[in-house]
Amino acid sequence: MVAIIDYDAGNIKSVEKAVEFIGEEAVITRDKDVIMASDRAILPGVGSFGDAMNKINEYGLKNVIYDFIDSGKPFLGICLGLQILFEDSEESKGIPGLGVLKGHILKIPDIDTVTGEKLKIPQIGWNSLLVREGAKLFKNVPANPYVYFVHSYYLKADDPADVAAKTFYSTDIHASVEHGNVFACQFHPEKSSDVGLTILRNFINL
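The following refers to the structure shown. Position numbers for residues count from 1 along each chain, tracking the sequence in the order it is written. Only residues with pLDDT of at least 70 are given local features in this predicted model, and only at 80 or more are side-chain atom pairs given and counted; all residues enter the totals for whole chains, interfaces and linings. Hydrogens are left out, water is left out, and the side-chain values use all remaining heavy atoms of the structure.

Points about helix 3 (residues 49-58)
No. 1: The complete set of buried residues in helix 3 reads Phe49, Gly50, Ala52, Met53 and Ile56. Angular distribution of buried residues about the axis of helix 3 spans 160°; they occupy a single face of the element. Opposite the packed face of helix 3, turned more than 90 degrees from it, sit the exposed residues Asp51 and Glu58.
No. 2: In this description, contact between two residues means that some pair of their heavy atoms is separated by no more than 4.5 Å. A helix here means a DSSP run of H or I that spans at least four residues, while a strand means a run of E at least two residues long, and both kinds are numbered starting from the N terminus. Residues of helix 3 that are buried in the fold lie against helix 4 (62-70), helix 5 (80-83), strand 5 (88-89) and strand 6 (103-107).
No. 3: You can read the cap of helix 3 off the contacts: a side-chain oxygen lies 3.3 Å from the backbone nitrogen of Gly50, and it is on Ser48.
No. 4: Looking at the residues trailing helix 3, positive phi occurs at Gly60, about 65°. Buried means the residue's accessible area, taken with a 1.4 Å probe over protein chains only, is under 20% of the maximum for its type, while exposed means over 50%, and partly exposed covers the values in between. Arc, as used here, means the arc of the directions from the helix axis to the C-beta atoms. Polar contacts, as used here, are pairs of N or O atoms within 3.5 Å; protein pairs need one atom able to donate a hydrogen and one able to accept it. Residues neighboring in sequence count only if both atoms are side-chain atoms.

Shown next, in the form of structure tokens:
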């Protein structure tokens, strides 16, 4: 069973539907016992970094997330769920993230750092990935796969070894990370067609 951690963020139901579509039982919950008894956990979400951390603290989920990760079972953050795994965000200054991984969430520049072209922020749409060889979430995924993004902020991870996939939109973006049993994607696998479903299956099969 996959626990989908509920902290009142957007886009949680679509993750549940995608997990069920690939044949895995999913439950949306904030119950500690249910989360800890699950085989895997997903922290999805769309919204504000600060609001997310406030809700996680309000619902007493911070230590549940730490305990689940410490159990060694696979854990996946999606979009906002990736961002709050890190230390902090320019979106909500002064509000610490979970700090599970080292790195910072930065505002996407609205001017392309290479061409000088004015860009739309948030980035909404499909972008290709440069995937690190051997990345577990991307097994059997075609080279330079296209996935779906909706975000105004991006990850800059401290440790290059954590970065499983990169993309470019105005600047270099760390689009997916893998560190031990912790996995995360800035893009939305549940909205990324066959590629996204393969990524979710790979997570389920870890």
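Considering the packing of aromatic side chains
The description of an aromatic ring pair uses the distance of the two centres, along with the angle that the planes make with each other.
No. 1: In this analysis, rings of Phe, Tyr and Trp, with Trp reduced to its six-membered ring, are considered paired at centre separations within 6.5 Å, and the interplanar angle assigns stacked below 30 degrees, edge-to-face beyond 60, and tilted for intermediate values. This model, assessed by the stated rule, comprises 5 aromatic pairs.
No. 2: Ring geometry for Phe68 against Phe75: centres 6.3 Å apart, planes inclined by 50°, an arrangement best described as tilted.
No. 3: Look at Phe68 and you get buried, because its relative accessible area is 1%.
No. 4: On the accessibility criterion, Phe75 (0% relative accessible area) is buried.

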